[in-house]
Amino acid sequence: MASSLTSPKLTTTISSSPALQTLFFRKNLPLSFSNPFLSLPKTLTSVPNRYRRSLSHHHYSRGFVAAASADSDNGADLSRQYDFDLFTIGAGSGGVRASRFASNFGASVAICELPFSTISSETTGGVGGTCVLRGCVPKKLMVYASKYSHEFEESNGFGWKYDNEPTHDWSTLMANKNAELQRLTGIYKNILKNSGVTLIEGRGKIVDPHTVDVDGRRYSARHILISVGGRPFIPEIPGSQYVIDSDAALDLPSKPTKIAIVGGGYIALEFAGIFNGLKSDVHVFIRQKKVLRGFDEEIRDFVSEQMSVRGIEFHTEESPQAILKSADGSLSLKTSKGTVEGFSHIMFATGRRPNTRNLGLEEVGVKLNKNGAIEVDEYSRTSVPSIWAVGDVTDRLNLTPVALMEGGALAKTLFQNEPTKPVYRAVPSAVFCQPPIGQVGLTEEQAIQEYGDIDVFTANFRPLKATLSGLPDRVFMKLILSAKTQKVVGLHMCGEDSPEIVQGFAVAVKAGLTKADFDATVGVHPTASEEFVTMRTPTRKIRKDPSSEGKTDSETKAAAGV
Amino acid sequence: MSRKMLNDGEVNQTNEDDAHYDFDLFVIGAGSGGVRASRFSANFGAKVGICELPFHPISSEVVGGVGGTCVIRGCVPKKILVYGASFGGEIEDARNYGWEVNEKVDFNWKKLLQKKTDEIVRLNGIYKRLLANAGVKLFEGEGKIVGPNEVEVIQLDGTKLSYSAKHILIATGSRAHRISIPGQELAITSDEALSLEEFPKHAVVLGGGYIAVEFASIWRGLGATVDLCFRKELPLRGFDDEMRAVVARNLEGRGVNLHPRTNLTKLEKTEDGKIKATTDHGEDLIADVVLFATGRVPNTKRLNLEAAGVELDEAGAVKVDEYSRTNIPSIWAVGDVTNRMNLTPVALMEGTFFANTVFNGKPSKPDYRDVPYAVFSIPPLSVVGLSEEQAIEQAHGDILVFTSTFNPMKNTVSGSRDSSVCSRPIR
């Protein structure tokens, strides 16, 4: 990644780390940025250079030791005083983590964030970010709320009976959900305060490699971190002004009676489950043949089957073309295959884009990719050496725990003199559709690409609860091994409690454990998860060279199936 | 009739004598351990016979059933009742998520019990099929040992069948123990608890182990008044102390009345058909049902083990070595009757390893390290590895403990007071 720094003093380029290290050990190198890889004297790294200005509306709650004298070898710029060691734009998962940890490592840190709103925009956001305010947390609360209808149904088989069928009051849910969000945003503010991070409300914009402007006030920083996240993307088609996105869907004034959800990703499926559980009539429109592109094929098939059985209607290979509003206020969705009418709401869950507009990035030379994501190296550094980026704005793995990992690694890199690269191998994740999905490692398709020869173990069964409830709920579980090493390279599950279960097994997959390790682990009984440690016979073995063992590719594919 | 016998190792050497054994293996008891050992041994080529008492949800000296405790009167029906009982709390929580549910939701105990019975009968059938599919011959009746290579099966009509076997496996499991206090005949054990005709509006549970805790949770979840009496300060002796305290707190939070350091001294019938239980603190508790969850003892009394000289320990469990072999070379034992770790997956492990040792030429010892398990209280407890107390005792160095106590997200809106605790002692 080439640098495009404005400072004339800089002669280095940002490249892969070994080159970086070699470059920066040359002592006569003039620097205009703090370099974590340079062998600075301990005093300097542990006690960051800091210029303390008394800003009228902030006060430092921690007493820091004054900066030690700079080593004369390190160039004039290290003696430059900045308002902060780190200025973070965006107080979401990545930004708060990086800021907190940096502050705990002794840095002086400020963070800016837009004022709170449940709906994000160029001018609204809130401390906590997408995850806390309009993502993970409210989503999960809505999933909890919507699951109860299924539980009421299950409970009939266990002897429970209701004089009247339970009904749902949307406004109670919204009020309680919003109260919880307020509580959490308050907690995040306290977390920042308790770590000694200065929180500034307003819209941050980069002025130069060391300066951020927040609604007219300027702050200088040794390092700038961009962690502004992403926002829902809705393509512009006729009638798209009638469309709601996930932000709005989490804060509707009333429950949809009939809703069209356009999209086949996790957000579309989660909302389909939520509204279906709350007894809306749900239709999902996807461009592809199947939902959840990128997921394991068998999981894709299983989850749509289970969701269909719960009453969700899927319209596949249909692209949205227009939305029409009729006189009675209902909406129709015109697709490549026809028009479906009578929707109270139409939601597009058609992707999210990084929030990189109007941040001053182009002007300062921070490179973006074609999706508008900030390009970073393995240490989360942008093309401008003093500017870094973590979280959804970099569009790597858009998950809160990954943003936390990136933020934590950055704090170590910058302020612990421990250059740390986030590791993206075997990151587990979940889709909170109903039934939910948990996964870690590779899909079968990816495993074949990477390993050639693989062994696949699957289980597809009716869980104990369903034998009594009488409902058609099933569970699907899958292990994928590298045939050669017998290491479990992929683990997938779709069924009740999958996300909780897969978190535990993710440790085993990350540790590179083998099928023998799994088999040697005694099960907990009676549970669904014990199935993962009692899979005896491979469902299929895929061999690149058909003569080496087992069936040919076409035979194995024919044998495959849930 | 004759089957190929594997010929590896000293355990199972073929010689001319073999031809005259009726079976390579005869198993007494078709529960988790017995069925697993039988099937796997048969799969390795052994000719296997197994006997089991006739099916009944409530066990006795003369009734049991294929599937054993786990399937018929343990793990499975217990879990079904826990599911049933959990809905109570869920329905409560649902209100705060916006659901409008009747003030009082009706619960049909008989329906739940009937469905439970349907399920265990179905599983009993499945286990019989598993045995048949593996080619294992199933005899219904009470098995006894006659000699090191001879068993006897007393059928229902009283006729006795005698069989010779190269190896005998004892897998008769265990049964609930009743303490002998005056009026003990008024109390029930877990067997009866899983098959109660009427739902107990008020239950007294005596015991501090997982069975006591699970039943307390089940009945409380279904709306009963529950008094749980146990001898120690906290239930679940042997578990991590911190976790015991969490379980106790959660039980109390759900409305179970805890009586620590309490024993029952007598039971008496009252005029209106209830039971008066007197504690050693002089308190009287009036209950519809009194459950003794005061331990389980191995089923070894009627096996006639003396005839072969099989040694038992003080608790009446069959003594075995690491390969599950008794002091008699041709007699083995797995599962609860050996009182090692009384869990179904462990019995399965012991049965599997037995089959590998005896019929697959691969002598292997079951590994009891880091066996995970759960207590299905509501909310449940799950454990793997050492408690903090054990870790301190066994650690040659110091230990680090990481804990996390939190109100799970679901409860922030539902208002439930359960607390979740994770604890991780590290050496």
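Residues numbered from 1 in each chain as written. Chains lettered and ligands numbered in written order. Predicted model: local features only at pLDDT ≥ 70, side-chain atom pairs only at ≥ 80, totals over all residues. Heavy atoms only, no water.

Next up on the list: the overall build of chain A. For chain A, the helix and strand inventory stands at 16 helices and 24 strands. Here chain A holds 562 residues, and 55% of them are scored as buried. The contacts in chain A between residues at least 6 apart in sequence include a share of 63% that link residues at least 24 apart. (Helix = DSSP H or I, 4+ residues; strand = E, 2+ residues; numbered from the N terminus. Buried < 20%, exposed > 50% of the residue type's maximum accessible area, 1.4 Å probe, protein only. Contact = heavy atoms within 4.5 Å.)

Here we take up the interface of chain B and chain A. The interface is formed by 48 residues belonging to chain B together with 42 residues belonging to chain A. Across the chain B/chain A interface, buried area totals approximately 4100 Å², and carbon plus sulfur atoms make up 68% of it. If you sort the residues of chain B by the area they bury against chain A, B:F87, B:Y97 and B:W99 come out on top, with a joint share of 19%. Where chain B touches chain A, the interface holds one salt bridge. A:K161 is the salt-bridge partner of B:D106, the closest N and O atoms lying 3.7 Å from each other. Put simply, chain B and chain A have 14 residue pairs in polar contact (both at pLDDT 80 or more) between them. Only α1 (32-43), α3 (75-96), β3 (99-100), β4 (106-107), α4 (109-133), α8 (344-359), β19 (373-375) and α10 (409-414) of chain B provide two or more residues apiece to the side of chain B that touches chain A. Considering each element in turn, the side of chain B that touches chain A owes the most residues, 14 residues, to α3(B). Taken together, the residues of the side of chain B that touches chain A sort by class into 26 nonpolar, nine polar and 13 charged. Sheet topology note: the strand β4 (residues 167-168) of chain A/β3(B) ladder contains two bridges and is antiparallel. Paired with A:T167 across the two strands is B:E100, which belongs to β3(B). (Buried area = accessible area lost by both parts, 1.4 Å probe. Salt bridge = Lys/Arg side-chain N within 4 Å of Asp/Glu carboxyl O. Polar contact = N/O pair within 3.5 Å; in protein donor to acceptor, adjacent residues only side chain to side chain. Nonpolar A, V, L, I, M, F, W, Y, C, P; charged D, E, K, R; others polar. Pairing = 2+ DSSP bridges.)

A word on the environment of B:A245. Residue and element names in this part refer to chain B. With respect to the helices and strands, A245 occurs in helix α7 (residues 241-253). Assessed through its relative accessible area of 25%, A245 is described here as partly exposed. Placed 81 residues apart in sequence, A245 and S164 show a C-alpha to C-alpha distance of 52 Å.

Once that is clear, we can look at the pattern of salt bridges. Residue and element names in this part refer to chain A. Applying the stated criterion across every chain, the model contains 43 salt bridges over all chains. Residues E298 and K478 are paired through a salt bridge, measuring 2.6 Å at the closest nitrogen-oxygen approach. A residue pair is termed long-range when its members are at least 10 positions apart, and E298 in helix α9 (residues 297-309) and K478 in strand β22 (residues 475-482) qualify at 180 residues. With a relative accessible area of 6%, E298 lands in the buried category. Overall, K478 belongs to the buried group, its relative accessible area being 0%. Here the salt bridges do not stand alone but share partners, grouping D296, E298, E444, K478 and R540 into one network.

It is worth spelling out the environment of A:T467 at this point. Mapped onto the fold, A:T467 is located in helix α13 (residues 464-469). For the pair A:T467 and A:E165, spaced 302 residues apart in sequence, the C-alpha to C-alpha distance is 22 Å. Setting aside residues no more than four positions away along its own chain, A:T467 makes contact with A:R462, B:E119 and B:R122. In this structure the side chain of A:T467 is engaged in a polar contact, spanning 2.6 Å, whose partner is the backbone oxygen of A:L464.

This next bit is on the nonpolar core. Across soluble globular proteins, you tend to see nonpolar side chains buried next to one another. Counting 136 residues, the largest nonpolar core has A:I261, B:W219 and B:L228 as its most contacted members. Top contributing element to this core by residue count: α3(B), with nine residues. In contact with B:W219, not counting residues within four places along its chain, are B:W109, B:I188, B:A193, B:L196, B:F199, B:P200, B:A203, B:V205, B:A224, B:V226, B:V289 and B:L291. If you look at the next biggest cluster of nonpolar residues, it comprises 24 residues, including A:V212, A:A221, A:A389 and A:V393. (Core = buried A, V, L, I, M, F, W, Y, C linked by side-chain atoms within 4.5 Å.)

Let us look at the UniProt feature "active site" (unreviewed entry) in chain A. Per the UniProt record, "active site" (unreviewed entry) is found at A:H525. Following the sequence through the fold, A:H525 ends up in the loop between α15 (515-520) and β24 (540-542). Note on A:H525: relative accessible area 25%, which makes it partly exposed. The contacts of A:H525, once residues within four sequence positions are left out, are A:E530, B:C70, B:C75, B:T344, B:P345 and B:F376. A distance of 2.8 Å separates the side chain of A:H525 from the side chain of A:E530, its partner in a polar contact. (UniProt positions renumbered as here; feature names shortened; annotations may be inferred.)

Now for the sheet that holds strand β12 (residues 313-315) of chain A. Residues and elements named next belong to chain A. The four strands lie next to each other as β12-β11-β10-β16, forming an open sheet whose pairing is parallel. Both edges of this open sheet fall to β12 and β16 (345-348), since each of them pairs with a single strand only. Across this sheet, the average inter-strand angle for adjacent strands is 20 degrees, counted without regard to direction. Contacts from helix α8 (residues 266-277) reach β10 (258-262), β11 (281-285), β12 and β16, with the element oriented near 170 degrees to β10. (Axes fitted to C-alpha atoms, helices over the stretch in contact; angles between N-to-C directions.)

Once that is clear, we can look at the UniProt feature "domain: FAD/NAD(P)-binding" (unreviewed entry) in chain A. The feature "domain: FAD/NAD(P)-binding" (unreviewed entry), as annotated in UniProt, sits at residues 85-407 of chain A in this numbering. With 33% helix and 25% strand, the stretch residues 85-407 of chain A has end C-alpha atoms that lie 15 Å from each other.

With that settled, consider the sheet that holds strand β19 (residues 429-431) of chain A. Residue and element names in this part refer to chain A. Across the sheet, which stays open at both edges, the six strands sit in the order β19-β20-β23-β22-β21-β24 with antiparallel pairing between neighbours. The strands lining the two open edges of the sheet, one partner per strand, are β19 and β24. Averaged over all pairs of adjacent strands, the angle between strand axes in this sheet comes to 15 degrees, irrespective of strand direction. As paired strands, β19 and strand β20 (residues 437-441) are joined by three bridges and run antiparallel to one another. Among the inter-strand pairings, A430 is bridged to a residue of β20, identified as G438.

Turning our attention to helix α5 (residues 136-157) of chain A. Side chains that are three or four residues apart share a direction in an α-helix, a result of its 3.6 residues per turn. All names here are of chain A. End to end, α5 covers 32 Å across 22 residues, agreeing with the expected 32 Å (1.5 Å per residue, within 8%). Of all the bends found along α5, the most pronounced is centred on S149 and spans about 30 degrees. Judged by how many residues are buried, α5 sits mostly within the fold: 18 of 22 residues are covered. Following α5 by one or two positions, G159 adopts a phi angle in the positive range, close to 105 degrees. (Expected span 1.5 Å × (residues − 1). Bend = angle between axes of the 7 residues up to and from the residue.)

This paragraph deals with empty space enclosed by the protein. Residue and element names in this part refer to chain B. The final tally for this structure, using the stated rule, is three cavities of 30 Å³ or more. When its volume is computed, the second largest cavity comes out at roughly 40 Å³. Considering the residues around the second largest cavity, the lining is formed by A176, S190, I211, F292, A293, T294, G295 and R296. (1 Å grid on protein atoms, 1.4 Å probe; cavity = no way out; pocket = protein on both sides within 12 Å on 5 of 7 lines; lining within 4 Å. Points joined across faces, edges and corners; volume = space filled by probe spheres on them.)

Attention shifts here to the environment of B:L312. Residues and elements named next belong to chain B. As for its position among the elements, L312 is in the loop between β17 (296-298) and β18 (331-333). On a C-alpha basis, the gap between L312 and T300 in space is 8.5 Å, while along the polypeptide they are 12 residues apart. The residues contacting L312, other than those within four sequence positions of it, are T300, L305, A317, V318 and K319.

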